[in-house]
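The chain contents come next:
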Amino acid sequence: MRKHIVAGNWKMNTTVAEGVELAKAVAAKAAEVPAEVKLIIAPPFTHLYPVAEAIKGTAIGLSAQNCADHTKGAYTGEVAVDMIAGVGCEYVILGHSERREYYGETSAKLVEKVKLALEKGLSPIFCIGEKLEEREAGRHFEVVTEQVKDVLFTLTAEEMSKVIVAYEPVWAIGTGKTATAEQAQEIHAEIRKVLAEKFGALAEEISILYGGSCKPSNAKELFACPDIDGGLIGGAALKAEDFIGIAVSF
Ligand code: 13P
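Right, let's walk through the structure included here. (Residues numbered from 1 in each chain as written. Predicted model: local features only at pLDDT ≥ 70, side-chain atom pairs only at ≥ 80, totals over all residues. Heavy atoms only, no water.)

Overview of helix α10 (residues 216–223)
Line of reasoning, step 1. Of the residues making up α10, those classed as buried are N218, A219, L222 and F223. Down the axis of α10, the buried side of the element spans an arc of 130 degrees, and every buried residue falls inside it. Turned more than 90 degrees away from the buried face of α10 sit S217, K220 and E221, all of them exposed.
Line of reasoning, step 2. Next to the buried residues of α10 lie β1 (4–9), α9 (181–199), β7 (208–210), β8 (230–233) and α11 (240–247). (Buried < 20%, exposed > 50% of the residue type's maximum accessible area, 1.4 Å probe, protein only. Helix = DSSP H or I, 4+ residues; strand = E, 2+ residues; numbered from the N terminus. Arc of directions from axis to C-beta. Contact = heavy atoms within 4.5 Å.)

Following this line, the structure appears as C-alpha coordinates:
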(Lines give C-alpha, C1' and ligand atoms only; values in the text may rest on other atoms or scores of the structure.)
Protein backbone atom coordinates (compact mmCIF):
# COMPACT_ATOMS: atom_id res chain seq x y z
CA MET A 1 0.00 0.00 0.00
CA ARG A 2 1.21 3.51 -0.78
CA LYS A 3 2.17 5.75 2.12
CA HIS A 4 -0.46 8.26 3.17
CA ILE A 5 1.18 11.60 3.86
CA VAL A 6 -0.09 14.93 5.13
CA ALA A 7 2.58 17.61 4.92
CA GLY A 8 2.29 21.19 6.15
CA ASN A 9 4.11 23.87 4.17
CA TRP A 10 4.24 26.85 6.50
CA LYS A 11 5.72 29.05 3.75
CA MET A 12 7.03 32.41 5.11
CA ASN A 13 4.81 32.47 8.18
CA THR A 14 5.25 32.49 11.97
CA THR A 15 8.02 33.77 14.21
CA VAL A 16 10.36 31.16 15.68
CA ALA A 17 8.40 31.23 18.96
CA GLU A 18 5.06 30.84 17.15
CA GLY A 19 6.50 28.06 15.01
CA VAL A 20 7.73 26.10 18.03
CA GLU A 21 4.31 26.53 19.63
CA LEU A 22 2.59 25.33 16.45
CA ALA A 23 4.89 22.31 16.21
CA LYS A 24 4.15 21.42 19.83
CA ALA A 25 0.42 21.79 19.24
CA VAL A 26 0.64 19.47 16.21
CA ALA A 27 2.68 16.96 18.25
CA ALA A 28 0.11 17.09 21.06
CA LYS A 29 -2.68 16.17 18.65
CA ALA A 30 -0.73 13.69 16.52
CA ALA A 31 -2.13 10.71 18.43
CA GLU A 32 -5.56 11.43 16.85
CA VAL A 33 -4.12 10.61 13.42
CA PRO A 34 -4.23 7.00 12.18
CA ALA A 35 -0.80 5.37 12.50
CA GLU A 36 -0.51 4.77 8.75
CA VAL A 37 -0.67 8.50 8.02
CA LYS A 38 2.75 10.20 8.02
CA LEU A 39 2.72 13.79 9.24
CA ILE A 40 5.42 16.14 7.97
CA ILE A 41 5.92 19.80 8.81
CA ALA A 42 7.95 22.27 6.76
CA PRO A 43 8.76 25.42 8.73
CA PRO A 44 11.05 28.23 7.50
CA PHE A 45 14.82 27.61 7.69
CA THR A 46 15.27 29.69 10.86
CA HIS A 47 12.80 27.48 12.72
CA LEU A 48 14.16 24.09 11.76
CA TYR A 49 16.47 23.52 14.70
CA PRO A 50 14.09 24.51 17.52
CA VAL A 51 11.19 22.77 15.78
CA ALA A 52 13.31 19.60 15.46
CA GLU A 53 13.86 19.78 19.21
CA ALA A 54 10.13 20.36 19.82
CA ILE A 55 9.09 17.25 17.84
CA LYS A 56 11.91 14.98 19.02
CA GLY A 57 10.61 11.53 19.96
CA THR A 58 7.45 11.89 17.84
CA ALA A 59 6.81 10.32 14.43
CA ILE A 60 6.40 13.75 12.81
CA GLY A 61 8.81 14.28 9.92
CA LEU A 62 10.68 17.53 9.38
CA SER A 63 11.05 19.15 5.98
CA ALA A 64 12.75 22.26 4.64
CA GLN A 65 10.96 24.35 2.02
CA ASN A 66 13.94 24.60 -0.33
CA CYS A 67 17.68 23.98 -0.53
CA ALA A 68 20.62 25.26 -2.54
CA ASP A 69 21.72 23.74 -5.82
CA HIS A 70 25.34 23.60 -4.59
CA THR A 71 26.88 21.71 -1.69
CA LYS A 72 28.80 24.62 -0.10
CA GLY A 73 30.82 27.70 -0.76
CA ALA A 74 30.36 31.28 -1.89
CA TYR A 75 26.57 31.32 -2.37
CA THR A 76 25.44 34.16 -0.10
CA GLY A 77 22.00 33.63 1.36
CA GLU A 78 21.68 30.00 0.32
CA VAL A 79 21.19 26.97 2.59
CA ALA A 80 22.83 23.67 1.67
CA VAL A 81 21.26 20.25 1.86
CA ASP A 82 23.86 19.13 4.45
CA MET A 83 22.79 22.01 6.67
CA ILE A 84 19.13 21.09 6.64
CA ALA A 85 19.94 17.39 7.04
CA GLY A 86 22.18 18.33 9.96
CA VAL A 87 19.29 19.82 11.91
CA GLY A 88 17.13 16.75 11.37
CA CYS A 89 15.30 17.28 8.09
CA GLU A 90 14.43 14.11 6.23
CA TYR A 91 12.47 15.89 3.49
CA VAL A 92 12.76 18.98 1.34
CA ILE A 93 10.05 20.64 -0.74
CA LEU A 94 11.40 21.36 -4.22
CA GLY A 95 9.85 22.96 -7.26
CA HIS A 96 7.00 24.68 -5.45
CA SER A 97 5.16 26.93 -7.91
CA GLU A 98 6.04 29.97 -5.75
CA ARG A 99 9.75 29.18 -6.22
CA ARG A 100 9.28 28.53 -9.93
CA GLU A 101 7.25 31.73 -10.38
CA TYR A 102 8.93 34.27 -8.06
CA TYR A 103 12.51 32.97 -7.94
CA GLY A 104 12.92 31.72 -11.48
CA GLU A 105 13.50 28.07 -10.62
CA THR A 106 13.81 26.12 -13.82
CA SER A 107 13.61 22.39 -14.36
CA ALA A 108 17.38 22.38 -15.00
CA LYS A 109 17.98 23.88 -11.55
CA LEU A 110 15.48 21.49 -9.99
CA VAL A 111 17.30 18.49 -11.44
CA GLU A 112 20.41 19.66 -9.54
CA LYS A 113 18.50 20.21 -6.30
CA VAL A 114 16.57 16.93 -6.45
CA LYS A 115 19.77 14.97 -7.12
CA LEU A 116 21.68 16.71 -4.32
CA ALA A 117 18.86 16.09 -1.86
CA LEU A 118 18.75 12.41 -2.81
CA GLU A 119 22.55 12.05 -2.60
CA LYS A 120 22.42 13.37 0.94
CA GLY A 121 19.62 11.01 1.92
CA LEU A 122 16.68 13.41 1.89
CA SER A 123 13.34 12.71 0.24
CA PRO A 124 12.29 15.49 -2.11
CA ILE A 125 8.64 16.52 -2.03
CA PHE A 126 8.58 17.48 -5.69
CA CYS A 127 5.83 19.91 -6.70
CA ILE A 128 4.20 20.24 -10.09
CA GLY A 129 1.04 21.94 -11.28
CA GLU A 130 -0.42 24.10 -14.01
CA LYS A 131 -1.40 27.78 -13.97
CA LEU A 132 -4.96 28.98 -14.51
CA GLU A 133 -4.38 30.02 -18.12
CA GLU A 134 -2.83 26.63 -18.86
CA ARG A 135 -5.86 24.82 -17.44
CA GLU A 136 -8.23 27.10 -19.30
CA ALA A 137 -6.36 26.33 -22.51
CA GLY A 138 -6.76 22.62 -21.77
CA ARG A 139 -2.99 22.21 -21.42
CA HIS A 140 -2.87 20.89 -17.82
CA PHE A 141 -1.93 17.30 -18.73
CA GLU A 142 0.76 18.54 -21.07
CA VAL A 143 2.23 20.94 -18.48
CA VAL A 144 2.47 18.43 -15.62
CA THR A 145 3.77 15.72 -17.98
CA GLU A 146 6.57 18.04 -19.02
CA GLN A 147 7.37 18.97 -15.40
CA VAL A 148 7.56 15.28 -14.48
CA LYS A 149 9.65 14.29 -17.50
CA ASP A 150 12.09 17.22 -17.27
CA VAL A 151 13.08 16.42 -13.70
CA LEU A 152 11.93 13.02 -12.48
CA PHE A 153 12.79 11.15 -15.68
CA THR A 154 16.48 11.99 -15.02
CA LEU A 155 16.39 9.80 -11.89
CA THR A 156 17.12 6.13 -11.46
CA ALA A 157 14.33 3.91 -10.13
CA GLU A 158 16.11 3.70 -6.79
CA GLU A 159 16.22 7.50 -6.56
CA MET A 160 12.60 7.81 -7.67
CA SER A 161 11.48 5.44 -4.94
CA LYS A 162 12.45 8.13 -2.37
CA VAL A 163 10.52 10.95 -4.05
CA ILE A 164 7.09 12.20 -3.00
CA VAL A 165 5.18 14.01 -5.75
CA ALA A 166 2.81 16.89 -4.96
CA TYR A 167 0.31 18.06 -7.56
CA GLU A 168 -0.64 21.65 -6.79
CA PRO A 169 -2.70 23.47 -9.40
CA VAL A 170 -1.47 27.07 -9.13
CA TRP A 171 -5.02 28.41 -9.46
CA ALA A 172 -6.02 26.56 -6.29
CA ILE A 173 -3.14 27.72 -4.07
CA GLY A 174 -4.24 30.18 -1.42
CA THR A 175 -7.32 31.08 -3.47
CA GLY A 176 -9.95 29.07 -1.63
CA LYS A 177 -10.66 27.39 -4.98
CA THR A 178 -9.98 23.66 -4.59
CA ALA A 179 -9.77 21.34 -7.55
CA THR A 180 -12.82 19.09 -7.47
CA ALA A 181 -12.13 15.53 -6.44
CA GLU A 182 -12.79 14.49 -10.07
CA GLN A 183 -10.33 17.05 -11.47
CA ALA A 184 -7.68 16.05 -8.94
CA GLN A 185 -8.17 12.30 -9.38
CA GLU A 186 -8.04 12.59 -13.17
CA ILE A 187 -4.71 14.39 -13.17
CA HIS A 188 -3.20 12.28 -10.36
CA ALA A 189 -3.99 9.17 -12.41
CA GLU A 190 -2.36 10.79 -15.44
CA ILE A 191 0.77 11.68 -13.41
CA ARG A 192 1.00 8.08 -12.25
CA LYS A 193 0.60 6.89 -15.84
CA VAL A 194 3.43 9.15 -16.97
CA LEU A 195 5.64 7.90 -14.10
CA ALA A 196 4.86 4.33 -15.15
CA GLU A 197 6.18 5.04 -18.67
CA LYS A 198 9.65 5.38 -17.18
CA PHE A 199 9.48 3.51 -13.88
CA GLY A 200 6.95 0.75 -14.57
CA ALA A 201 5.35 -0.83 -11.52
CA LEU A 202 7.23 1.53 -9.18
CA ALA A 203 4.70 4.22 -10.15
CA GLU A 204 2.14 2.35 -8.05
CA GLU A 205 4.32 2.84 -4.98
CA ILE A 206 4.87 6.59 -5.32
CA SER A 207 2.79 8.82 -3.06
CA ILE A 208 1.16 11.66 -4.98
CA LEU A 209 -0.18 14.43 -2.75
CA TYR A 210 -2.77 17.05 -3.63
CA GLY A 211 -2.20 20.68 -2.66
CA GLY A 212 -4.30 23.81 -3.09
CA SER A 213 -6.86 25.12 -0.59
CA CYS A 214 -7.11 21.72 1.07
CA LYS A 215 -8.94 21.97 4.40
CA PRO A 216 -10.76 19.72 6.87
CA SER A 217 -14.05 20.24 5.00
CA ASN A 218 -12.80 18.98 1.62
CA ALA A 219 -9.98 16.59 2.56
CA LYS A 220 -12.21 13.54 2.96
CA GLU A 221 -13.55 13.72 -0.58
CA LEU A 222 -10.08 14.31 -2.03
CA PHE A 223 -8.40 11.56 0.00
CA ALA A 224 -11.10 9.08 -0.98
CA CYS A 225 -9.82 9.21 -4.58
CA PRO A 226 -7.73 6.17 -5.52
CA ASP A 227 -4.69 8.12 -6.79
CA ILE A 228 -4.61 10.83 -4.10
CA ASP A 229 -2.29 9.70 -1.33
CA GLY A 230 -2.45 12.74 0.91
CA GLY A 231 -2.04 16.49 0.92
CA LEU A 232 0.49 19.29 0.87
CA ILE A 233 -1.20 21.89 3.00
CA GLY A 234 -0.50 25.63 3.09
CA GLY A 235 -2.83 27.95 4.98
CA ALA A 236 -4.61 25.23 6.94
CA ALA A 237 -1.25 23.90 8.22
CA LEU A 238 -0.85 27.06 10.30
CA LYS A 239 -3.53 25.89 12.74
CA ALA A 240 -2.82 22.59 14.49
CA GLU A 241 -6.53 21.84 14.69
CA ASP A 242 -7.07 22.25 10.94
CA PHE A 243 -3.88 20.40 10.02
CA ILE A 244 -4.84 17.45 12.20
CA GLY A 245 -8.44 17.78 10.99
CA ILE A 246 -7.14 17.15 7.47
CA ALA A 247 -4.89 14.25 8.54
CA VAL A 248 -7.76 12.40 10.20
CA SER A 249 -9.73 12.53 6.92
CA PHE A 250 -8.35 9.26 5.53
P1 13P B 1 -2.88 26.51 0.39
O2 13P B 1 -3.26 25.26 1.14
O3 13P B 1 -2.75 27.72 1.27
O4 13P B 1 -3.73 26.73 -0.82
O5 13P B 1 -1.37 26.26 -0.16
C6 13P B 1 -1.08 25.08 -0.82
C7 13P B 1 0.39 25.03 -1.02
O8 13P B 1 0.94 25.78 -1.80
C9 13P B 1 1.15 24.06 -0.22
O10 13P B 1 2.46 23.94 -0.69
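And the narrative resumes.
Observations concerning the environment of C67
Line of reasoning, step 1. The residue C67 is located in the loop between β3 (61–64) and α3 (81–86) in this model.
Line of reasoning, step 2. Look at C67 and you get buried, because its relative accessible area is 1%.
Line of reasoning, step 3. Residues C67 and V114 lie 47 residues apart in sequence; the distance between their C-alpha atoms is 9.3 Å.
Line of reasoning, step 4. In this structure, C67 is in contact with V79, V81, I84, V92, L94 and K113, ignoring residues within four places of it in sequence.

Brief notes about the nonpolar core
Line of reasoning, step 1. With 70 residues, the main nonpolar core has L152, M160, V165, I191 and L195 as its most contacted residues.
Line of reasoning, step 2. Looking at which element gives the most residues to this core, the answer is α9, with seven residues.
Line of reasoning, step 3. Residues in contact with V165, not counting those within four places in the same chain, are F126, I128, L152, M160, I191, L195, I206, S207, I208 and L209.
Line of reasoning, step 4. Of all hydrophobic cores here, the second largest spans twelve residues; its members include I40, A42, C127 and L232. (Core = buried A, V, L, I, M, F, W, Y, C linked by side-chain atoms within 4.5 Å.)

A short note on the site of the ligand
Line of reasoning, step 1. In the vicinity of the ligand there are 13 residues, among which K11, H96, G174, S213 and G235 approach most closely.
Line of reasoning, step 2. Take N9: an N or O atom from its side chain is 3.0 Å from an oxygen atom of the ligand.
Line of reasoning, step 3. For the ligand, an oxygen atom lies 2.8 Å from a polar atom in the side chain of H96.
Line of reasoning, step 4. Computed on the free molecule, the ligand has an accessible area of 310 Å², of which 95% lies beneath the protein chains in the complex.
Line of reasoning, step 5. Here the residues of the shell around the ligand are counted per class, giving four nonpolar, seven polar and two charged. (Near = heavy atom within 4 Å. Polar contact = N/O pair within 3.5 Å; in protein donor to acceptor, adjacent residues only side chain to side chain. Areas by Shrake-Rupley, 256 points an atom, 1.4 Å probe, with all protein chains shown as cover. Nonpolar A, V, L, I, M, F, W, Y, C, P; charged D, E, K, R; others polar.)

Looking at unusual backbone geometry
Line of reasoning, step 1. Despite not being glycine, K11 shows a phi value in the positive range, around 55 degrees.
Line of reasoning, step 2. Inspection of the secondary structure puts K11 in the loop between β1 and α1 (16–29).

Concerning the pattern of salt bridges
Line of reasoning, step 1. With the rule as written, the count across this model stands at 18 salt bridges.
Line of reasoning, step 2. Between D229 and R2 there is a salt bridge, and its shortest N-O distance comes to 2.9 Å. Residue D229 is found in the loop between α10 and β8, and its partner R2 is found in the segment before β1; the two are separated by 227 residues along the sequence. Side by side, D229 and R2 carry an identical accessibility label, which is buried.
Line of reasoning, step 3. Among the salt bridges present, the one from K162 reaches E158, with a minimum N-O distance of 3.9 Å.
Line of reasoning, step 4. Note on E158: relative accessible area 59%, which makes it exposed.
Line of reasoning, step 5. Residues joined by salt bridges that share partners form a network here, namely R2, R192, E204, D227 and D229. (Salt bridge = Lys/Arg side-chain N within 4 Å of Asp/Glu carboxyl O.)

Here we look at the pairing of β8
In the case of a regular strand, side chains alternate between the two sheet surfaces.
Line of reasoning, step 1. Because side chains alternate across β8, one face comprises the buried residues G230 and L232, and the other comprises G231 and I233, equally buried.
Line of reasoning, step 2. Pairing between β1 and β8: four bridges, direction parallel. In the sheet register, V6 faces β8, and the bridge partner there is G231. (Pairing = 2+ DSSP bridges.)

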